[in-house]
Amino acid sequence: MKITRFRSAEPIRRVGEVVQLAGLVDAVRDHKQVQFVILRDGTGTVQIVRDKTTVSQATPLTIPVGSAIEVVGRVCAAPAVKLGGVEIIPSQLTMHSVADAPLPIDSTSALEKQFDFRQISLRDPRQRLLFSIQTTVEHAFRQMWADNGFIEIHSPKLMATFSETGAEAFKVDYFGRSAFLAQSPQFYKQMAIAGGIERVFEIGPAFRAERSFTTRHETEFTSVDMELAWIDSHDDLMKLEELLLADAISKVVERHGPEIEQLYKMMPVVPTLPFPRVTMAQAQEIVRSTGHVPHRHDDLDPQSERILSEHIQRQFNHEFVFVTDYPASARPFYHRRHDDRPDLTRSFDLLWRGIEVTTGAQREHRFDILRKQATERGYALEPLRDYLEFFRFGCPPHGGMGIGLARLMMVLMRRSSIREATLLSRTPTRLTP
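Read on for a plain summary of the structure.

### Let's talk about a nonpolar patch on the surface
Judged by side-chain polarity, Leu158, Tyr174 and Phe175 come together as a nonpolar surface patch covering roughly 350 Å² of accessible area. Here Tyr174 shows up in strand E9 (residues 171–174). Under the relative-accessibility criterion, Tyr174 is labelled partly exposed at 32%.

Printed below as a string of structure tokens:
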């Protein structure tokens, strides 16, 4: 007899066949003579019905929730069963791994406790769906980059100097001398541009030594970065990003819409183009008109970001807004400044429903001006020598942006914390599992 191995989403199409399936035990209901075992694999759940009076002595009657089992049995129609309208009558059941009982967490456990036992909390179908959606988002990004001539790079994560500010860099011992974990691939993206690779992207780890305990910060995260040459201004970057995000969200809705609606009770909104844009000066004016005073004159605090996004939603019925032209005092020294307003940079942040998901800018590519701006900001040039050398032998005008992947997923899926969109959380107090 031919036995077909299949996934739990398939049985409805195989009534009457003998099949083989494997997964983790999601639930067990014991009755006097019958045992119902709910098996879950990567595609869903299916019900196994065991007649206790005929169970082989070689097969344990007690099956703890979480155990890994494999079943051979016949698919029978059962219209009353919500799990696909079928059930499996097993002729063979193999226990591959017996779980300790009871499980230490359930879906109501606190988030911190769920990360203590992450291998269990990941079994929540909402978690699997979230990471499946993340895969779709990354694939959509890569496809659009490939279609537009981008080349993928993998930059080093050990650096001789810090890539943003020293206060936020992890310092590590490197064979007796100091090294730093990369806060972003910024310097190396620019090196690739100077090397004639005119469009690059990278999806990789980044590290920030921030003692932050907010719902949107992690000390280690996945950064989505891109850089391209021969741009006229930061407006070129914003046009690229809105195309990138609208395409990715559209593919998420197309591929995962029914599951999202079923498990998350919501549906992502595919944004219209172009996204609204306001300058930082305009954003400050909008926020102050509500009575809230931003903490800084050159930046937006989290409450200001929420106020601005609510204003944009009311005025334009749009979830996104680009905030542009940040003062030089709020931006890194390598951001290019406006020729007629050297106090302002050609830069932007993208807010999505009140949360910053992207920072981008046109870079300063002219060697002498870059040195001058670094000196003005109080940087010693010697630690930056390798970076500055990238521009000494010629470099085209260019710019780029960085997106925090988990933060993007948090907003997309309307989660309250970035940790709900992170495989393994890293905060100032968590380094395990």
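### Re helix H3 (residues 125–147)
Residues spaced three or four apart along an α-helix point in a common direction, a consequence of the helix completing one turn every 3.6 residues. With 23 residues, H3 ought to run about 33 Å at 1.5 Å a step, and its terminal C-alpha atoms sit 33 Å apart, in line with that. Taken from the residues just after H3, Gly149 is the one with a positive phi, measuring 80°.

### Some words on the packing of aromatic side chains
One pass over the full model with this rule turns up 15 aromatic pairs. Pairing Phe320 with Trp352 gives two aromatic rings, centres 4.5 Å apart and planes at 25°, and the pair type is stacked. Linking Phe320 in strand E14 (residues 320–324) with Trp352 in strand E15 (residues 347–352), this pair joins segments that are 32 residues apart in sequence. Taken individually, Phe320 and Trp352 each receive the classification buried, so the pair is uniform in this respect. For the ring pair Phe333 and Tyr379, a centre distance of 5.1 Å and an interplane angle of 55° mean the geometry is tilted. With a gap of 46 residues between them, Phe333 in the loop between E14 and E15 and Tyr379 in the loop between helix H8 (367–376) and helix H9 (385–389) connect regions that are remote in the sequence. With relative accessibility at 3%, the residue Phe333 sits in the buried group.

### Here's the deal with empty space enclosed by the protein
What the rule picks out here adds up to one cavity of 30 Å³ or more. The space that makes up the largest cavity amounts to roughly 40 Å³. Val137, Phe141, Leu245, Ala248, Ile249, Trp352, Leu408 and Leu412 together form the lining of the largest cavity. Of all the secondary-structure elements, those providing two or more residues to the lining of the largest cavity are H3, helix H5 (234–264) and helix H10 (405–412). A total of three residues in the lining of the largest cavity trace back to one element, the largest contributor, which is H5. Partitioned by chemical class, the residues of the lining of the largest cavity number eight nonpolar, no polar and no charged.

### As for the side chain of His256
One can find His256 in helix H5. Non-local contacts of His256, meaning those with residues more than four positions away in its chain, are made with Leu129, Ser132, Ile133 and Thr136.

### Comments concerning the environment of Arg337
The residue Arg337 is located in the loop between E14 and E15 in this model. Residue classification places Arg337 among the buried residues on the basis of a relative accessible area of 16%. When the C-alpha positions of Arg337 and Leu122 are compared, they lie 46 Å apart, and in sequence the two are 215 residues distant. Not counting residues within four places of it along the chain, the set of residues in contact with Arg337 comprises Ala328, Pro342, Leu344, Thr345, Arg346, Gln373 and Glu376. Side chain to side chain, Arg337 and Glu376 meet in a polar contact 3.4 Å long.

### Quick word on the side chain of Gln127
Mapped onto the elements, Gln127 comes out in helix H3. Looking at Gln127, the relative accessible area reads 12%, which means it is buried. Polar contacts involving the side chain of Gln127 include one to the side chain of Arg118, which spans 2.6 Å. In this view, Gln127 contacts Arg118, Ser121, Leu122, Tyr264 and Glu420; residues no more than four positions away in its chain are not counted.

### Describing the sheet that holds strand E11 (residues 199–207)
Spatial ordering of the open sheet is given by E7-E11-E12-E17-E16-E15-E14-E13, a layout of eight strands whose pairing is mixed. The sheet terminates laterally at strand E7 (151–152) and strand E13 (277–279), the two strands that pair on one side only. When E15 meets strand E16 (residues 355–362), the two strands line up antiparallel, connected through six bridges. When the sheet's bridge partners are listed, Ser347 is paired in E16 with Ala361. Docked against the sheet, H5 engages strand E12 (220–229), E13, E14, E15, E16 and strand E17 (398–404), running at close to 25° with respect to E15. On the sheet, helix H6 (residues 280–288) packs against E13 and E14 and is oriented at approximately 90° with respect to E13.

### Things to note about the pairing of strand E4 (residues 44–51)
Most of E4 sits out of view: seven of its eight residues are buried. Where strand E3 (residues 34–41) meets E4, eight bridges bridge the pair, whose relative direction is antiparallel. Residue pairing across strands places Ile38 opposite Gln47, the latter belonging to E4. Linking two consecutive strands that pair antiparallel, namely E3 and E4, is a turn of two residues.

### Details of the layout of surface pockets
What the largest pocket holds in volume is close to 1,400 Å³. Forming the boundary of the largest pocket are 46 residues, of which Glu168, Arg208, Glu210, Glu356 and Thr359 lie nearest the centre. When residues of the lining of the largest pocket are traced back to their parent elements, those giving at least two are helix H4 (186–194), E12, helix H7 (302–316), E16, E17 and H10. Grouping the constituent residues of the lining of the largest pocket by class yields 14 nonpolar, 14 polar and 18 charged.

### With respect to the pairing of E17
A large share of E17 lies buried, amounting to seven of its seven residues. What you see with E17 is no split at all: His398, Gly400, Gly402 and Gly404 on one side and Gly399, Met401 and Ile403 on the other are buried throughout. Sheet analysis places E12 next to E17, joined by seven bridges and oriented antiparallel. Within E17, the position partnered with Ala229 by the bridge is His398. Where E16 and E17 come together, five bridges link them in antiparallel fashion. Its bridge partner lying in E17, Ala361 is registered against Gly400.

Rules and cut-offs
- Residues numbered from 1 in each chain as written.
- Predicted model: local features only at pLDDT ≥ 70, side-chain atom pairs only at ≥ 80, totals over all residues.
- Heavy atoms only, no water.
- Patch = residues over 30% accessible without salt bridge, like charges linked within 9 Å, V, L, I, M, F, W, Y side chains within 5 Å.
- Areas by Shrake-Rupley, 256 points an atom, 1.4 Å probe, with all protein chains shown as cover.
- Salt bridge = Lys/Arg side-chain N within 4 Å of Asp/Glu carboxyl O.
- Helix = DSSP H or I, 4+ residues; strand = E, 2+ residues; numbered from the N terminus.
- Buried < 20%, exposed > 50% of the residue type's maximum accessible area, 1.4 Å probe, protein only.
- Expected span 1.5 Å × (residues − 1).
- Phe/Tyr/Trp six-rings, centres within 6.5 Å; stacked < 30°, edge-to-face > 60°.
- 1 Å grid on protein atoms, 1.4 Å probe; cavity = no way out; pocket = protein on both sides within 12 Å on 5 of 7 lines; lining within 4 Å.
- Points joined across faces, edges and corners; volume = space filled by probe spheres on them.
- Nonpolar A, V, L, I, M, F, W, Y, C, P; charged D, E, K, R; others polar.
- Contact = heavy atoms within 4.5 Å.
- Polar contact = N/O pair within 3.5 Å; in protein donor to acceptor, adjacent residues only side chain to side chain.
- Pairing = 2+ DSSP bridges.
- Axes fitted to C-alpha atoms, helices over the stretch in contact; angles between N-to-C directions.

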